[in-house]
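Here is how the chains run, residue by residue.
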Amino acid sequence: MKMQHSLKTLSALILGLGTMGIAHGAGFQLLEQNASGIGSAYAGSAAIAEDASTVYYNPAGMTMLPGMNVSAGAVAIKPSFKFSDGGTIGPTAFGGVPLGPFGGRPTGGGDGGDAGSWAAVPNAYFTWEVNPRVWLGLGVGAPFGLMTEYEQGWAGRYHSEKFSIESININPSIAFKATDTLSFGLGVNWMQLDADYRKAQAIHNPVTGAYLGDFQARVKAKGDAWGWNAGVLWQATPDTRFGLSYRSKVKIDADGTTRVSNRSVNPAFLATPQLGGLIGPHDAETSVELPDTAILSVVHQLNERWTLLGDVSWTGWSSIPELKIQNTGIPDAKLDLRFKDAWRVALGAHYRYSDAWTFKGGVAWDQSPVRDDAFRPASLPDNDRYWVSLGAQYRFNKNTKVDVGYAHLFVKSTSVNNTSDLKGAGVLKGDYKSSADLIGVQFSHQF
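Residues numbered from 1 in each chain as written. Predicted model: local features only at pLDDT ≥ 70, side-chain atom pairs only at ≥ 80, totals over all residues. Heavy atoms only, no water.

**Student:** Where do I start with the overall build of the chain in this structure?
**Tutor:** In terms of regular secondary structure, the chain is built from four helices and 20 strands. Its C-alpha atoms give the chain a radius of gyration of 24 Å, within 12% of the compact-globule value 22 Å for 447 residues. For the chain, the spread of C-alpha atoms along the three principal axes comes to 80 × 40 × 30 Å. Taking all 447 residues of the chain together, the buried fraction comes to 53%. Considering only residue pairs separated by 6 or more positions, the chain has 73% of its internal contacts joining residues 24 or more positions apart. Within the chain, one finds 38 positive and 39 negative side-chain charges whose respective centroids are separated by 2 Å. (Helix = DSSP H or I, 4+ residues; strand = E, 2+ residues; numbered from the N terminus. Rg over C-alpha atoms; globule rule 2.2 N^0.38 Å. Buried < 20%, exposed > 50% of the residue type's maximum accessible area, 1.4 Å probe, protein only. Contact = heavy atoms within 4.5 Å. Lys, Arg positive; Asp, Glu negative; His and termini not counted. Charge placed at Lys NZ, Arg CZ, Asp CG, Glu CD.)

Pasting the structure below:
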């Protein structure tokens with residue numbers, strides 16, 4: 001009966017995931033696959049194995065969880081991206097400088113307001129000790145997500161007005177306890193990705209180059225693919241444990257539609273085949289190779305009160321040099337990104353105040369995949385950030401606990417001078433003031 005009840009509970013949690021939005025994280029990878037790790041800035045994530053969410057961070061950690069375990073939660077994220085224009089210039093018909101008396105650039109537009117907004121990253125996990133050597137697990141989460149949305153008509157509208165990515169990942173796993181101190185885990189991942197990209201398109205007279213007004217282009221695409229993850233857990237001493245985990249790249253081929261509509265061009269000009277033929281839906285497709293990730297973690301029980309945590313992680317963001325959208329009937333579009341691989345370092349501590357209460361704290365440095373000002377997109381005005389985190393865990397009894405956590409992300413001063421698409425988008429130039437706040441809650445129960 002307990003097993004049947006656990007599966008019903010997990011099924012309800014999984015179905016609930018589809019109703020919740022996804023928010024921007026580091027790059028657009030979301031570390032926030034549980035809320036129990038927020039309080040320590042996700043330090044020790046591949047070695048802590050304190051609840052069923054270890055299915056995501058290191059499946060070998062399931063061997064630390066006796067019986068059956070369910071964990072579920074959500075993290076609310078509020079990023080803030082406030083742009084200050086520093087000389088943004090709209091595109092011309094042929095790029096570069098305007099063409100004498102017949103040339104023209106679109107002008108005007110504000111700073112776009114705050115491009116960040118509240119959203120939630122949900123998760124649900126289940127583990128089952130089949131026998132003293134074998135564990136099975138299942139995880140559902142959203143490992144990639146992004147949303148930036150500016151006010152319509154802002155100065156950088158030809159670069160982006162809205163860009164959102166939503167994902168769902170289903171991750172069945174198995175773990176083996178090879179010895180009393182060494183465990184291995186392996187999982188497969190089915191991931192679905194949805195993307196929605198909106199921007200303005202400056203329209204010029206095809207003969208004179210004069211600026212005529214704006215169209216809006218909106219790309220919606222969806223795709224799915226398979227990947228895998230694996231991990232090792234080593235109890236080096238009674239007080240010290242190491243974890244090493246890896247998640248593979250996932251290459252997703254997405255299909256959808258590019259819909260072009262008129263925003264401010266005089267309808268009389270749409271009678272020309274060159275311009276009128278752009279209006280309407282057009283088939284679109286794109287391909288993206290989501291990056292692989294490796295984490296090395298350590299957890300050390302200093303004494304009966306204090307536990308120290310640390311980890312170093314690497315993400316292979318160079319798998320995304322560009323995002324190219326291939327259209328049928330209209331020109332292709334390309335977002336030149338040239339992402340670089342990125343590192344993250346985190347340190348944290350747990351303080352066991354009593355049998356019921358444990359308090360958590362942590363700091364981290366999180367490197368951005370954005371290479372430099374020239375390739376910083378308006379859709380992801382990212383930069384290196386620093387985490388400061390606090391959290392608490394309350395145990396109702398030996399089997400049931402709840403975690404809450406809060407983190408503030410301080411983002412390094414961010415400038416942009418993006419000239420990667422002079423003809424299509426012009427020059428985006430200015431500065432961003434950015435930050436983020438995370439609040440999470442996680443419920444865990446052992447049957």
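**Student:** Just to check I follow, could you spell out the layout of surface pockets for this structure?
**Tutor:** One water molecule sets the probe size; rolling that probe over the atoms shows where empty space is left. By volume, the largest pocket amounts to about 1100 Å³. As for the largest pocket, its lining consists of 40 residues, and the residues nearest its centre are Lys199, Gln201, Pro331, Asp332 and Gly424. Contributions of two or more residues to the lining of the largest pocket are made by β6 (182–204), β7 (211–237), β9 (250–262), α3 (273–276), β13 (322–327), β14 (333–336) and α4 (422–425). Looking at which element gives the most residues to the lining of the largest pocket, the answer is β6, with six residues. Partitioning the lining of the largest pocket into residue classes produces 22 nonpolar, twelve polar and six charged. By volume, the second largest pocket is sized at about 700 Å³. If you trace the second largest pocket, you find 37 residues lining it, with Ala49, Glu50, Gln393, Arg395 and Lys401 closest to the centre. At the level of elements, β1 (68–85), β8 (240–247), β11 (293–301), β15 (342–352), β16 (357–366), β17 (385–395) and β20 (428–446) are the ones that each hand at least two residues to the lining of the second largest pocket. Classifying every residue of the lining of the second largest pocket by side-chain character gives twelve nonpolar, 14 polar and eleven charged. (1 Å grid on protein atoms, 1.4 Å probe; cavity = no way out; pocket = protein on both sides within 12 Å on 5 of 7 lines; lining within 4 Å. Points joined across faces, edges and corners; volume = space filled by probe spheres on them. Nonpolar A, V, L, I, M, F, W, Y, C, P; charged D, E, K, R; others polar.)

**Student:** When you look at empty space enclosed by the protein in this model, what are you seeing that I'm missing?
**Tutor:** Taken as a whole and assessed by the stated rule, the structure comprises seven cavities of 30 Å³ or more. Taken as a whole, the largest cavity holds about 330 Å³ of empty space. Lining the largest cavity are 28 residues, and of these Phe163, Ile165, Ala195, Val288 and Leu323 lie nearest its centre. Contributions of two or more residues to the lining of the largest cavity are made by β5 (162–177), β6, β7, β10 (280–290) and β13. A volume near 250 Å³ is recorded for the second largest cavity. What lines the second largest cavity is a set of 22 residues, among which Gln29, Leu31, Thr293, Ser313 and Thr315 lie closest to the centre.

**Student:** For this particular structure, what's the right way to read the environment of serine 84?
**Tutor:** Looking at the element boundaries, serine 84 is found in strand β1. Apart from residues lying up to four places away in sequence, serine 84 is in contact with Asp111, Gly430 and Asp431.

**Student:** What am I meant to see in the pattern of salt bridges here?
**Tutor:** Any two side chains of opposite charge can pair, so long as their charged atoms come close to each other. Evaluated as defined, the whole model comprises 14 salt bridges. Its salt-bridge partner being lysine 78, residue aspartate 114 comes within 3.3 Å of it at the nearest N-O pair. With aspartate 114 in the loop between β1 and β2 (119–131) and lysine 78 in strand β1, this pair connects stretches of sequence that are 36 residues apart. Among the salt bridges present, the one from aspartate 196 reaches arginine 198, with a minimum N-O distance of 3.1 Å. (Salt bridge = Lys/Arg side-chain N within 4 Å of Asp/Glu carboxyl O.)

**Student:** What exactly am I supposed to notice about the pairing of β5 here?
**Tutor:** The two faces of a sheet get side chains in turn, since along a regular strand they alternate between them. Both strand β3 (residues 134–141) and β5 contribute to a ladder of eight bridges, which runs antiparallel. Paired with glycine 139 across the bridge in β5 is asparagine 171. Bridge count for strand β4 (residues 146–149) against β5 is four bridges, and the pairing is antiparallel. Looking at the pairing, threonine 148 lines up with phenylalanine 163 of β5. (Pairing = 2+ DSSP bridges.)

**Student:** Sorry, what's going on with the side chain of asparagine 229 here?
**Tutor:** Positionally, asparagine 229 belongs in strand β7. Among the polar contacts listed, one links the side chain of asparagine 229 to the side chain of asparagine 171, at a separation of 3.2 Å. There is a polar contact of 3.0 Å between the side chain of asparagine 229 and the side chain of asparagine 189. Setting aside its immediate chain neighbours within four residues, asparagine 229 contacts Val55, Tyr56, Pro59, Asn171, Gly185, Leu186, Gly187, Val188, Asn189, Tyr246 and Arg247. (Polar contact = N/O pair within 3.5 Å; in protein donor to acceptor, adjacent residues only side chain to side chain.)

**Student:** Can you help me understand the packing of aromatic side chains in this one?
**Tutor:** The tally for this structure, following the rule as stated, stands at 18 aromatic pairs. Plain terms: the ring middles of phenylalanine 83 and tryptophan 154 are 5.4 Å apart, the flat faces sit at 85° to each other, and that makes the pair edge-to-face. Separated by 71 residues along the polypeptide, phenylalanine 83 in strand β1 and tryptophan 154 in the loop between β4 and β5 bring together distant segments of the chain. Its relative accessible area of 3% is what places phenylalanine 83 among the buried residues. Taken together, the aromatic side chains of Tyr353, Trp357, Phe359, Tyr394 and Phe396 make up a single cluster linked through ring pairs. Over the aromatic face of tryptophan 387 sits the side chain of arginine 344, whose NZ or CZ is 4.6 Å from the ring centroid. (Phe/Tyr/Trp six-rings, centres within 6.5 Å; stacked < 30°, edge-to-face > 60°. Lys NZ or Arg CZ within 6 Å of the ring centre and 35° of its normal.)

**Student:** Can you help me understand unusual backbone geometry in this one?
**Tutor:** Glycine aside, a negative phi is what most residues show, and trans is what most peptide bonds show. Phi is positive for tyrosine 42, which is not a glycine, with a value near 60°. By the secondary structure assignment, tyrosine 42 is in the loop between α1 (2–17) and α2 (54–57). A relative accessible area of 4% means that tyrosine 42 is categorised as buried. Notably, arginine 338 is not glycine yet its phi reads approximately 50°, a positive angle.

Remember, this is a structural readout, not a statement about activity or role.
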